[in-house]
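Here's the letter readout for the chains.
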Amino acid sequence: MQVIAVMNYKGGVGKTTLTANLGAEIANLGQKVLLIDLDPQANLTFSFYSMDEWREELRKDTTIMRWYEGDMPGREIALQDLIVTPPTVNDQLTETGGRLDLIASHLKLIDIDLKLAARLGGGTTLGESKRKFLDLHGCLARALQHERFQEYDLILIDCAPNFGLVTKTAIVASDHVLVPAKADYLSTLGIQYLVGNCDTLVAEYNDYAAHGAGADRPIQTRFLGVVFTMVKFYANKPIGTQQYYIEDVRLNGEIPVLSGVMRDSPRHFGDAGEDGVPMVLRSPVTDEVVVEFRTLAAEIQRGIDKGIAR
Ligand SMILES: Nc1ncnc2c1ncn2[C@@H]1O[C@H](COP(=O)(O)OP(=O)(O)OP(=O)(O)O)[C@@H](O)[C@H]1O
Ligand SMILES: [Mg+2]
């Protein structure tokens, strides 16, 4: 079982669209995939459930908010008890042997994020503060060690566009981080901050884990790379300005750049998941953009395998 956090604290760059389609593509290959929606906007959840279904079937008892609330995440309910199997998309997967499960989000998760952050403070000794840091940041990592999660081949976590505590629990819980980004000035500038912040978090966690009294395991979260999204093509190549920013990140070398991209195509991605089924399962298998996405998914899968082999 491998865990990937799909994150970028820049909003609207295609994180959720990538997560939904990547999950569906890999499930379509016969694998068992779990998607975790950690964004209070809950767009990933609404890619698989209508607002009415969410309200009637999920809102009260079966969202990630229930798990994060309380004194310490996981005290009220076990994470595995929140797993649901969205029916519409899974109807399309019956022949494949694959499955796409979800842990849904809740719009009030935003309040929980702030409350969790407040809980970090208040330690009276350095040891106590470090203990709190490890307990809170490592909560999702510990929960995912439960045997129920080992049945999945892949867990994809869709993060909110921020670097709040909930997002940090996802980074600590992940083997890999995948960064969707637009090829423009501000987005590529943001990637440097993001890499730096993630590296600092991992280093701090491992420092505390190594010197603390607890049994916390060091983490080895690594960047799978940047996936450029909403890329505009002209004559089979990204348009000049976008090509410039893509090359800039590649040459910078701080984080790998995947050769596959998600092209700008409102026709394919604009209404992603509106009917409960992501684009890759809705469009003809020969569609150029579907083929392109499949190549990207295969590249990501190879990146995961390489990480395991290291
Ligand atoms: N490749 C694409 N081509 C065209 N439109 C796209 C593409 N990818 C995503 N979109 C559209 O862009 C919008 C933002 O995408 P998405 O919600 O996936 O981004 P996000 O990074 O998850 O946003 P947020 O930061 O708000 O969570 C959506 O309306 C989506 O349908
Ligand atoms: Mg999103």
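Everything below is about the structure shown above.
Throughout this document, residue positions are counted from 1 along each chain, in the order its sequence is written. A letter from A marks each chain and a number from 1 marks each ligand, given out in the order of writing. In view of the model being predicted, local features appear only for residues whose pLDDT reaches at least 70, and side-chain atom pairs are presented and counted only at 80 or more, with totals across whole chains, interfaces and linings using the full set of residues. Calculated side-chain values reflect all of the structure's heavy atoms, with hydrogen atoms and water omitted.

Summary of the distance rule: residues count as near a molecule or strand when at least one heavy atom falls within 4 Å of that molecule or strand. The environment of ligand 1 is formed by 17 residues, the closest being Lys15, Thr16, Thr17, Arg263 and Phe269. A distance of 2.9 Å separates an oxygen atom of ligand 1 from a polar atom in the backbone of Gly14. Notes on ligand 1: free accessible area 630 Å², of which the protein chains cover 81%. Put simply, DSSP marks the helices as runs of H or I at least four residues long and the strands as runs of E at least two long, and each gets a number from the N terminus on. If you list the elements that add at least two residues to the shell around ligand 1, you get helix H1 (15–28) and helix H11 (266–269). Here the shell around ligand 1 gets three residues from one element, more than from any other, and that element is H1. Two N or O atoms count as a polar contact when they lie within 3.5 Å, although within protein this holds only if one can serve as hydrogen donor and the other as acceptor, and sequence-adjacent residues are included solely when both atoms are side-chain atoms. The accessible surface values rely on the Shrake-Rupley method and a 1.4 Å probe; as for residues, cover is taken only from the protein chains in view.

What makes a nonpolar core is a set of buried Ala, Val, Leu, Ile, Met, Phe, Trp, Tyr and Cys residues whose side-chain atoms join them at distances within 4.5 Å. Think of it in three bands: with a 1.4 Å probe and only protein chains considered, a residue is buried below 20% of the maximum accessible area for its type, exposed above 50%, and partly exposed in between. Counting 63 residues, the largest nonpolar core has Trp67, Tyr68, Leu79, Leu140 and Phe228 as its most contacted members. Working rule for contacts: check all heavy atoms of both residues, and any pair within 4.5 Å makes them a contact. Not counting residues up to four positions away in its chain, the partners in contact with Leu140 are Leu38, Trp67, Tyr68, Leu79, Ile157, Thr169, Ala170 and Ala173. Core analysis: the next-biggest nonpolar cluster, separate from the first, contains 40 residues, Leu35, Val84, Val89 and Ala104 among them.

Whether two aromatic rings pair depends on their centres lying within 6.5 Å, for rings of Phe, Tyr and Trp, where Trp uses its six-membered ring; planes under 30 degrees apart make the pair stacked, over 60 edge-to-face, and the rest tilted. Per the stated rule, a full pass over the model turns up five aromatic pairs. Consider the rings of Tyr9 and Phe163, whose centres lie 5.8 Å apart with planes at 70°: the pair is edge-to-face. Placement of Tyr9 in the loop between strand S1 (2–6) and H1 and of Phe163 in the loop between strand S4 (154–159) and helix H8 (165–173) is noted, with a sequence separation of 154 residues between them. On the basis of relative accessible area, Tyr9 is assigned to the partly exposed category, the value being 25%.

Okay, the pattern of salt bridges next. For salt bridges, the criterion is a side-chain nitrogen of Lys or Arg within 4 Å of an Asp or Glu carboxyl oxygen. Evaluated as defined, the whole model comprises 13 salt bridges. Linking Arg263 and Glu292 is a salt bridge whose minimum nitrogen-to-oxygen distance equals 2.8 Å. Note that Arg263 is positioned in the loop between helix H10 (240–252) and H11 and Glu292 in helix H13 (residues 288–309), a separation of 29 residues in sequence. Across the pair Arg282 and Asp275 runs a salt bridge, and its minimum N-O distance is 3.4 Å. A cluster of three or more residues bridged by salt bridges with shared partners is formed by Arg99, Asp101, Arg148 and Glu151.

The relative placement of two packed helices is expressed as an angle between their axes plus a distance between the axes. Orientation is described by axes fitted as lines to C-alpha atoms, over the contacting stretch for helices, and by angles from 0 to 180 degrees between their N-to-C directions. It is at 10 Å that the axes of helix H6 (residues 126–137) and helix H9 (residues 185–211) come closest, and there the two elements cross at 120°. Classed by the angle they form, the pair H6 and H9 counts as oblique. Here the hand of the crossing between H6 and H9 comes out left-handed. The residues of H9 that touch H6, namely those facing Lys130, Phe133, Leu134 and His137, are Leu201, Glu204, Tyr205, Tyr208 and Ala209. Grouping the constituent residues of the contact of H6 with H9 by class yields six nonpolar, one polar and two charged. Our angle categories are set so that under 35 degrees counts as roughly parallel, over 145 as roughly antiparallel, 65 to 115 as roughly perpendicular, and the remainder as oblique. In a left-handed crossing the near helix is turned counterclockwise from the far helix by less than a right angle, and in a right-handed crossing that turn is clockwise. Each residue gets one of three labels, nonpolar for Ala, Val, Leu, Ile, Met, Phe, Trp, Tyr, Cys and Pro, charged for Asp, Glu, Lys and Arg, and polar for the others, Gly among them.

This paragraph deals with H10. Helix length check: H10, at 13 residues, gives a terminal C-alpha distance of 18 Å against a target of 18 Å (1.5 Å per residue), a fit within 8%. Among the residues trailing H10, Gly253 stands out with phi positive, at a value near 75°. Multiplying 1.5 Å by the helix residue count minus one yields the expected span of that helix.

We now examine the sheet that holds strand S5 (residues 176–182). The rule for pairing is simple: two strands pair if DSSP sees at least two bridges between them. Spatial ordering of the open sheet is given by S3-S2-S4-S1-S5-S6, a layout of six strands whose pairing is parallel. Two strands close off the open sheet at either side, each with one partner strand: strand S3 (99–103) and strand S6 (222–229). Strand after strand, the sheet turns through a mean of 20° between neighbouring axes, direction not considered. Of the strand pairs in this sheet, strand S2 (residues 32–38) and S4 are connected by six bridges, and their pairing is parallel. Opposite Ile36, over in S4, you have Ile157 as the bridge partner.

Bringing the packing of H8 against H9 into the picture now. Two elements in contact, H8 and H9, have axes separated by 10 Å at closest approach and are oriented at 70°. With respect to H9, the axis of H8 lies roughly perpendicular. Note on packing geometry: the crossing formed by H8 with H9 is right-handed. Residue-level inspection shows Lys168, Ile171 and Val172 of H8 in contact with H9, the latter providing Cys198, Leu201 and Tyr205.

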